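Overview (structure and organization)
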Amino acid sequence: APRRAWRLAAVSAAGLAYLASETVLKDALTADACRWCRPPGIDESIRDSLVWNDRAQADTLSNLTGYVAAPIVGIGITAIWAASNTASGESTFGRILDDTLPVAEAVAYSQLLVQAVKFSVGRQRPRVRFAQEPGQPGNDDNVSFFSGHSALTFALATSAGMVARRHGSRLEPMVWALGYGLAGTTAFLRVAADEHYATDVALGSAFGIAAGYLLPRLLDDFRRRHGLALLPASGGMTLAGAF
């Protein structure tokens, strides 16, 4: 229980930090002007082939697949399997947390890394570069590299798939198929919406797969080595471990 509390507190803090970077801190963190403005020819060619006439529709669909459908599949199926396979004497809630926290950690921590890259690189979005008429500058104009939607959905699908494999879940094929199907669809839609270039979604997808596979393993290994736990203390909580 103390270890679960520590993990839940840490992943919640990471999630809040991400939300802050997308809202109140975004003006201060994003580049005022693009640092990487001109796309290579391959990006421009793919963009011209895939971009939709109705970019707003593609953008809306990518948000639905990326922020609604993919989490429902990745976390929802994982939680359902955990609840239905709780051992005798084991807390159902505790089992659900143990199975879903690795997925949440892979997503939250990888998204913070994505934000750091986006703000540092300052790549101009294709919708800004190829706009027929200049629009009002915004704090979302120069965060094209690399795709957060793609990284998120592939991290979700991979980490959920690895949890299902570790427990021998009969739902594992469904997790992989639905998760990667939604992730691939989301990546395509980000190009169709003119929000990202092909290289943005390709690297975002690869990063998400790596994060979904590696982060839960690395974090578990670190916790085993150091015995980290969040414990009650006078006036609050304290982080305990061996270093």
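Residues numbered from 1 in each chain as written. Predicted model: local features only at pLDDT ≥ 70, side-chain atom pairs only at ≥ 80, totals over all residues. Heavy atoms only, no water.

Regarding the pattern of salt bridges
All chains considered together, the criterion is met by 17 salt bridges. One salt bridge connects R123 with D43, and the closest N-O pair in it is separated by 2.8 Å. In this pair, R123 is assigned in the loop between α5 (92-121) and α6 (126-129) and D43 in helix α3 (residues 41-50), connecting sequence segments 80 residues apart. One exposure class covers both R123 and D43, and it is buried. D141 serves as the salt-bridge partner of R127, at 3.5 Å between the closest nitrogen and oxygen. Taken together, the positions of R127 in helix α6 and D141 in the loop between α6 and α7 (148-166) put the pair 14 residues apart, joining distant regions of the chain. For D141, a relative accessible area of 13% corresponds to the buried category. A single salt-bridge network, built from bridges that share partners, covers E22, K26, R125, R127, D140, D141 and E195. (Salt bridge = Lys/Arg side-chain N within 4 Å of Asp/Glu carboxyl O. Helix = DSSP H or I, 4+ residues; strand = E, 2+ residues; numbered from the N terminus. Buried < 20%, exposed > 50% of the residue type's maximum accessible area, 1.4 Å probe, protein only.)

Quick look at the nonpolar core
If you look at the biggest cluster of nonpolar residues, it comprises 14 residues, and the most contacted ones within it are I77, V103, V107 and L156. Listed by contribution, the elements that provide at least two residues to this core are α4 (55-84), α5, α7 and α8 (172-192). With five residues, the single largest contributor to this core is α7. Those residues in contact with L156 that sit more than four places away from it in its chain are A70, P71, I75, V103 and V107. In this structure, A10, V11, A14 and Y109 belong to the second largest nonpolar core, which totals nine residues. (Core = buried A, V, L, I, M, F, W, Y, C linked by side-chain atoms within 4.5 Å. Contact = heavy atoms within 4.5 Å.)

Focus: the packing of aromatic side chains
If you walk through the whole model with that rule in mind, you get six aromatic pairs. Measuring from centroid to centroid gives 5.5 Å for W176 and Y180, while their planes differ by 65°, and the two rings are edge-to-face. Separated by four residues within a single helix, W176 and Y180 lie in helix α8, roughly one turn from each other. A cation sits over an aromatic face here: R47 above F130, 4.3 Å from the ring centre. The ring centre of W36 lies 3.8 Å from the NZ or CZ of R123, which sits over that ring. (Phe/Tyr/Trp six-rings, centres within 6.5 Å; stacked < 30°, edge-to-face > 60°. Lys NZ or Arg CZ within 6 Å of the ring centre and 35° of its normal.)

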